[in-house]
Structures are given as structure tokens and as C-alpha cells.
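Fold and contact review
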Amino acid sequence: MSSLGQLPIWASKPCIMGIDEAGRGPVLGPMVYGCLYCARSYQKILSTLQFADSKTLKEQKREELFEELKTNKSIGWAVDVIDPRDLSAKMLKKNKVNLNEISHNSAIGLVRKTLDLGVLLTEVYVDTVGDPEKYRVKLSEIFPAIKFVVTKKADSLYPVVSGASIVAKVTRDRALRDWVLDETAENMQRNFGSGYPGDPETKAWLDHHKHTLFGFPTLVRFSWGTCNAYSKDSVEVVWESDASEEDESNGRASKRQMKLTNIGFTGVKTKSEDIESSGKGRCKFFQARKLELLSQF
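Within any chain, residue numbers begin from 1 and follow the written order of that chain's sequence. In view of the model being predicted, local features appear only for residues whose pLDDT reaches at least 70, and side-chain atom pairs are presented and counted only at 80 or more, with totals across whole chains, interfaces and linings using the full set of residues. Water and hydrogen atoms were dropped before computing side-chain values, which therefore reflect all heavy atoms in the structure.

**Some details on the sheet that holds strand 1 (residues 15–22)**
Put simply, the test is: Paired strands, in this sense, are two strands between which DSSP finds at least two bridges. Helix numbers and strand numbers start at the N terminus; a helix is a DSSP run of H or I with at least 4 residues, a strand a run of E with at least 2. Where helices are involved, their axes are fitted lines through C-alpha atoms of the stretch in contact, as for all axes, and angles between N-to-C directions lie from 0 to 180°.
Strands sit in the order 3-2-1-4-5 across an open sheet of 5 strands; the sheet is mixed. Among the strands making up the open sheet, the edge pair consists of strand 3 (75–82) and strand 5 (147–151). Neighbour-to-neighbour, the strand axes of the sheet open up by a mean angle of 15°, direction not taken into account. Alignment of strand 2 (residues 31–39) against strand 3, held across 8 bridges, turns out to be antiparallel. Counterpart to L36 in the pairing with strand 3 is W77.

Here is the structure:
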């Protein structure tokens, strides 16, 4: 998403950009990366627009500033909203992608997209993730024509990063506020608090919405360590193994298969399974998700 339609004249002159994120720590909802950019000659005016680190501003003030910058024709902005499912999937995949790398890739993507629009970026200020110097070198190697300043607390040091902080924070707040729960189970509600692990309201919501087999709703970053405490009573599932073992005696590969005994699978279809497969008497949780019982894979 960007505020720019047709590329303005100022974008063809040397421009600066600020990059910041919102929602890195919460166990609920997306992580959002935001950027704000403008002509380098606009810096003095930018410093008078009351942008500040979004964490130091009240929600109403952040909303007001965001609406103002959206209508400011001397400013461009963009966001990258990273879904909680994507975060968890990347962090738990076989070749794991850690949160720092996800963050770096998001920032790199915002720079690349802005350049692709035709904006002449010459300086980019970034609120660091990980070691500032290593991050700066990484960015400089990808974009050698751009000067990068990567530092801690950049959102309180540079107005262009403060503006990006507001863009990211307001976008995440709105995404969480307007989140449509995919799940349709009974007794689901939206009183999940701030989404941070230490929030009592968030803790209560997680406890209420855990499921012993299916875990948490898709709003939850299930890769977060916070979720482990709610998984003590979960059903243990052992999936069919795709790994092949070499038969040393004849050189053939024998496929190993493990039974799903923990959730009641047997080799013979029972009468209760016939009822379940027909959909009659099935738990509402399964009906709502159109899940079917399979005896063979």
C-alpha cells in the first residue's frame, strides 16, 4: 500500500526514507513494517510535523498524524503486513527463518519496491534489528548507491523514522482491531487485549481459545514460546514419516509408517467412524471447518 499514485516531481530528486516496525513482540496478530519517504530538501519541514516515536504517543494522536501524512503530497509511505501464520510457518519450517531475517527481508522489500516506483532514494534511516553495523553492511551490499544509517532508537532520533513508526503502529492497530477470525467455533470472542504475552487479558484469551488437537486460532503466532505453556494438555500426534530407510541386506528402501494411535486411528473402520464420515453426529468444531475423517492417506 502506498500514498503515491502518479510519481510526483519531488520523487525524482534526492530522497530520504525511514523504516520501522510494529508488533515484533506480541503473540497475537501481524508484524508490520512501515516506511516513509520524502525529498531530502523537505527534511526541515518534516521535523516540524510533530512526528515522534509512536510508543510515546497516545492512540488518538497517532491516528491524527497518520491521517495528516496520508494527505500530505510531499510524503510517500508504504507498509508490509506479515501475517501471524507466515511468521510461525517460517520460524518452524525445516530450514528455519528467524525473526531477524524476516525483519530484514521486509525492510529490503520496502526499499526495493520504492526504488521500483522510480523514487530516487539516496539515504535510508533504519531502526536496527540485531547488530546495527552488520545490518548496515548487509543493506549497503544490496543497495550500494544508497547511504544507510542503521541505529538503535532511530524512531526517536530521526523524524523520517518517527513517521515510519507511526505508519507501522497505526496499521497494526487497525489490522488487529478489524481482524476477522476465520474460525467459527462456539464461544469465540475478540477480547484479546494488546496481544503482548504479559497482558493478563491476552493470557486469558489464549487459555480460552486453545484446542487440544488444532492448537490456536490463526490470529496466534503459534511458534512463540508463550504458547508452549498452553500446550501441556494437547494431543500428541505422530505423523506418517516420509523418510526412507536403506535396507542393507538387499539395498531396497522401505518406507516407515507410524500409526496415529494418539488420536484413535486403527486399521479397521469401525461403526463410529462410518457415522463420523457421513457427517452425522460429528462435533460442531469439525462441521464448521468441513473436516472429514480419513482412514487412508
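**Here's the deal with the packing of helix 2 (residues 59–71) against helix 7 (residues 159–177)**
Our working definition: Reported orientations rely on four angle classes, namely roughly parallel under 35 degrees, roughly antiparallel over 145, roughly perpendicular from 65 to 115, and oblique for the rest. Throughout, a crossing is termed right-handed when the near helix is turned clockwise from the far one, and left-handed when it is turned anticlockwise from it by less than a right angle. Between two residues, a contact is recorded if the distance between any of their heavy atoms is within 4.5 Å. Three residue categories are used. Nonpolar comprises Ala, Val, Leu, Ile, Met, Phe, Trp, Tyr, Cys and Pro, charged comprises Asp, Glu, Lys and Arg, and polar comprises the others, including Gly.
Between helix 2 and helix 7, whose axes approach to 9 Å, the crossing angle comes to 110°. Classified by the angle between their axes, helix 2 and helix 7 sit roughly perpendicular to one another. Read as a crossing pair, helix 2 and helix 7 show a hand that is left-handed. Contact residues: helix 2 offers E59, R62, E63, L65, F66, E67, L69 and K70, while helix 7 offers G163, I166, V167, K169, V170, T171, D173, R174 and R177. Its residues placed into classes, the contact of helix 2 with helix 7 shows 6 nonpolar, 2 polar and 9 charged.

**Observations regarding the UniProt feature "binding site: a divalent metal cation" (unreviewed entry) in the protein**
Using the following cut-off: UniProt positions are given in the numbering used here, feature names are shortened, and annotations may be inferred rather than shown by experiment. Nitrogen and oxygen atoms within 3.5 Å of one another constitute a polar contact, given that in protein one can donate a hydrogen and the other can accept it, and given that sequence-neighbouring residues count only through two side-chain atoms.
When the UniProt feature table is mapped onto this chain, "binding site: a divalent metal cation" (unreviewed entry) is found at D20, E21 and D127. Spatially, the listed residues are clustered: although they cover 108 residues, their C-alpha atoms lie within 8.1 Å of one another. Note on placement: E21 falls in strand 1. Those residues within four positions of E21 in sequence are excluded, and the remaining contacts are V32, Y33 and A168. Only 3.3 Å separates the side chain of E21 from the backbone nitrogen of R24, close enough to count as a polar contact. Structurally, D127 is set in strand 4 (residues 121–127). For D127, the contacting residues outside a window of four places in its chain are I19, D20, Y135, T151, K152, K153, A154, D155 and V161.

**Things to note about the packing of aromatic side chains**
Any pair of aromatic rings gets described here by the distance separating the centres and the angle formed by the planes. Our working definition: Planes of paired rings set the category: under 30 degrees apart is stacked, over 60 is edge-to-face and the rest tilted, where pairs are Phe, Tyr or Trp rings (Trp by its six-membered ring) whose centres lie within 6.5 Å. For the exposure calls, accessible area comes from a 1.4 Å probe over protein chains only, and a residue counts as buried if that area is under 20% of its type's maximum, exposed if over 50%, partly exposed in between.
For the structure on display, the rule yields 4 aromatic pairs. A centroid spacing of 6.4 Å and a plane angle of 50° characterise the contact between W10 and Y37, whose relative ring orientation is tilted. Here W10, found in the segment before strand 1, pairs with Y37, found in strand 2; they are 27 residues apart in sequence, far enough to count as distant. The same class applies to W10 and to Y37, which are both buried. Judged by centre distance (5.4 Å) and plane angle (70°), the ring pair of F66 and W77 falls under edge-to-face. Separated by 11 residues along the polypeptide, F66 in helix 2 and W77 in strand 3 bring together distant segments of the chain. On the accessibility criterion, F66 (4% relative accessible area) is buried.

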